[in-house]
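The residues making up each chain are set out below.
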Protein chains: 4
Amino acid sequence: MPEPSPHTHACTVRVRYAETDQMGVVYYANYFVWMEIARVEYCRSVGFHYKDMELEDGVLLAVAESHCRYVSPAHFDEEIRIITSVPDVNRRFVSFDYEMTCKGRRVAIGQTRHVFLKRDPENGLRPVRLPDKYAALFGIGD
Amino acid sequence: MPEPSPHTHACTVRVRYAETDQMGVVYYANYFVWMEIARVEYCRSVGFHYKDMELEDGVLLAVAESHCRYVSPAHFDEEIRIITSVPDVNRRFVSFDYEMTCKGRRVAIGQTRHVFLKRDPENGLRPVRLPDKYAALFGIGD
Amino acid sequence: MPEPSPHTHACTVRVRYAETDQMGVVYYANYFVWMEIARVEYCRSVGFHYKDMELEDGVLLAVAESHCRYVSPAHFDEEIRIITSVPDVNRRFVSFDYEMTCKGRRVAIGQTRHVFLKRDPENGLRPVRLPDKYAALFGIGD
Amino acid sequence: MPEPSPHTHACTVRVRYAETDQMGVVYYANYFVWMEIARVEYCRSVGFHYKDMELEDGVLLAVAESHCRYVSPAHFDEEIRIITSVPDVNRRFVSFDYEMTCKGRRVAIGQTRHVFLKRDPENGLRPVRLPDKYAALFGIGD
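Computed from a predicted structure; not experimentally measured.

Residue and element names in this part refer to chain D. Of all 10 residues that make up strand E4 (residues 93-102), seven are buried, and the element is covered over most of its length. Strand direction decides the pairing type here: strand E3 (residues 79-89) and E4, joined by seven bridges, are antiparallel. Residue Val 89 lies in a different strand from E4, and its bridge partner there is Val 94. Here E3 folds back onto E4 in antiparallel fashion, the turn holding three residues. Pairing of E4 with strand E5 (residues 105-119) involves 10 bridges; the strand directions are antiparallel. If you follow Glu 99 over to E5, its bridge partner there is Ile 109. Remark: two residues form the turn of the hairpin made by E4 and E5, two consecutive strands paired antiparallel; Lys 103 in that turn has positive phi of roughly 50 degrees.

Once turned by 180 degrees and shifted 0.0 Å along the axis, chain C lies on chain D with an RMSD of 0.0 Å. Each copy turns onto its partner about a two-fold axis. Relative to the rotation axis, the closest C-alpha in chain C is found at His 67 of chain C, a distance of 2.1 Å. A symmetric contact is evident, with 100% of the interface residues of chain C recurring at the interface of chain D.

Moving on, we come to helix H2 (residues 50-57) of chain C. Residue and element names in this part refer to chain C. For H2, the full list of buried residues reads Tyr 50, Met 53 and Glu 54. Down the axis of H2, the sector holding all buried residues measures 95 degrees, keeping them to one side. In H2, the exposed positions that point more than 90 degrees away from the buried face belong to Leu 55 and Glu 56.

The full count for this structure, using the stated rule, is 50 aromatic pairs over all chains. Plain terms: the ring middles of Phe 48 of chain B and Phe 138 of chain B are 5.8 Å apart, the flat faces sit at 70 degrees to each other, and that makes the pair edge-to-face. Of this pair, Phe 48 of chain B sits in the loop between helix H1 (30-46) and helix H2 (50-57) while Phe 138 of chain B is found in the segment after helix H3 (132-137), placing the two residues 90 residues apart along the sequence. Phe 138 of chain B gets classed as buried once you look at its relative accessible area, which sits at 2%. Each residue in the set Tyr 27, Tyr 28, Tyr 31, Phe 32, Trp 34 and Tyr 70 of chain A together with Tyr 27, Tyr 28, Tyr 31, Phe 32, Trp 34 and Tyr 70 of chain B is aromatic and connected to the rest through ring pairs, giving one cluster. The aromatic ring of Phe 93 of chain A is capped on one face by Arg 113 of chain A, whose charged end is 4.8 Å from the ring centroid.

The next thing to look at is the interface of chain B and chain A. Contacts between the two partners involve 25 residues from chain B, matched on the other side by 25 residues from chain A. Interface of chain B and chain A: buried area, both sides summed, is about 2100 Å²; carbon and sulfur atoms make up 55% of it. Broken down residue by residue, the surface that chain B buries against chain A is led by Met 23, Tyr 28 and Ser 66 of chain B, which jointly contribute 29%. Here chain B is connected to chain A by zero salt bridges. Our count for the chain B to chain A interface comes out at 18 residue pairs in polar contact (both at pLDDT 80 or more). For the side of chain B that touches chain A, the secondary structure elements donating two or more residues are H1, H2, strand E2 (59-70) and strand E5 (105-119) of chain B.

Conventions used here
Residues numbered from 1 in each chain as written. Chains lettered and ligands numbered in written order. Predicted model: local features only at pLDDT ≥ 70, side-chain atom pairs only at ≥ 80, totals over all residues. Heavy atoms only, no water. Buried < 20%, exposed > 50% of the residue type's maximum accessible area, 1.4 Å probe, protein only. Helix = DSSP H or I, 4+ residues; strand = E, 2+ residues; numbered from the N terminus. Pairing = 2+ DSSP bridges. Least-squares fit on C-alpha atoms with pLDDT ≥ 70 in both. Contact = heavy atoms within 4.5 Å. Arc of directions from axis to C-beta. Phe/Tyr/Trp six-rings, centres within 6.5 Å; stacked < 30°, edge-to-face > 60°. Lys NZ or Arg CZ within 6 Å of the ring centre and 35° of its normal. Buried area = accessible area lost by both parts, 1.4 Å probe. Salt bridge = Lys/Arg side-chain N within 4 Å of Asp/Glu carboxyl O. Polar contact = N/O pair within 3.5 Å; in protein donor to acceptor, adjacent residues only side chain to side chain.

So this is what it looks like as structure tokens:
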């Protein structure tokens, strides 16, 4: 029976000037860009490159749902630490949880839920079962 | 007793090339930028300019929470229609709902929840009650 | 002998909150996004959809060079008018000029230079001569 | 007599998925975001935090002009090395040069030119002479 991986991964992003808005803090959509970075680093930490999954196996991780709760604003040049975990994964879907902090202060928490897709010959995208080699890395058995 | 405004507003955005990613569809964080545009247009439709609320009254609409469910991908150059409504508003918070469609096809639905903030003399941000003139426009009595 | 088209096209963008930074004005990279919008609208105005050139003919307009001179800052919610022209075009390259104003005040001027590319079977990109149907629309003879 | 600083600084950015577009390469405006990162890191390397110059001294580095020549496309997940130098600086202006490479392959070269600004009481921005402490760090004498 598939079980969520207990693995977590931490990475860091430094706030770019481009990511701020005239309120003087990070614009709210940019937290989702950070989640993407954290997701890619999470994949690297369990043993594969997200890029290769797309290029070599044609499997895409399409976002089905995203959520962010903003706790305390992030500012230009701050280092944001993102702890990523996978609370739920099977052959069709994977969810990620993200906790963003700055020097111990909680900045935001986020969640994304994804479906695995593959390009079909007509260049459309259709759902696909996650291939074995990636499933194993996410800790999914049969 | 405050009641949600039954008002809805529709606006349109055309997908920019910059908003696509290498999957060939709109990058998931950009839907939140569209929600911001729809929010600003909603405010204009009920009678005030969001810009003036910031500049003249120093009241900021900070995002406390955001959510998006992606139903069908949006593509470059498509026109996305966004219908915005306010399911919940009081002197401290306001929520917006967004329905994004393209030629009748549902693209995504989103929600954002905001808190009203004001700059204090030390340039920090603290919660503030929404001033009367804006409250009236959102359909809030006392 | 190919001659630059005397055609110009005007379009308008409204400044998004997302496009501002903590300086309180539009972040400098975003002017290039506006130039892209203006370019796409220019193409529409001469008779083709940039999207179709990519999708149907596989011809891409890759940027070889870009330049912007910032004259006066643009602010949130302002309407920016962009006048686009093509000072130089042949079968291999095309240049665009952009003049950005806000209520008659000059905001910025920009230039981009592009090369026509095509995907080859190995998914690489190689230079290509602009097909006749598009060349005609840009006012290029033989 | 002021002389350009011979100092150069190297930093690295990893290409984000968000930075790609449907052409499968990095969207052209994003190179300017990387230049901003490189600029901020350059300042750190000569001994000050750009953030502090804004916050403590109210001096802003506004972009007057920007240019980029795209040599070879950058792709998702690649590490881009940016070498930054200051070819020209005085009390009123500073220019930066950027060379972007990926594993020795030249990706792009860029330039930006900036003017020093200060907020005046009415919240406008006006040109200002660079204060001594920063001038010294840029290698400007009197």
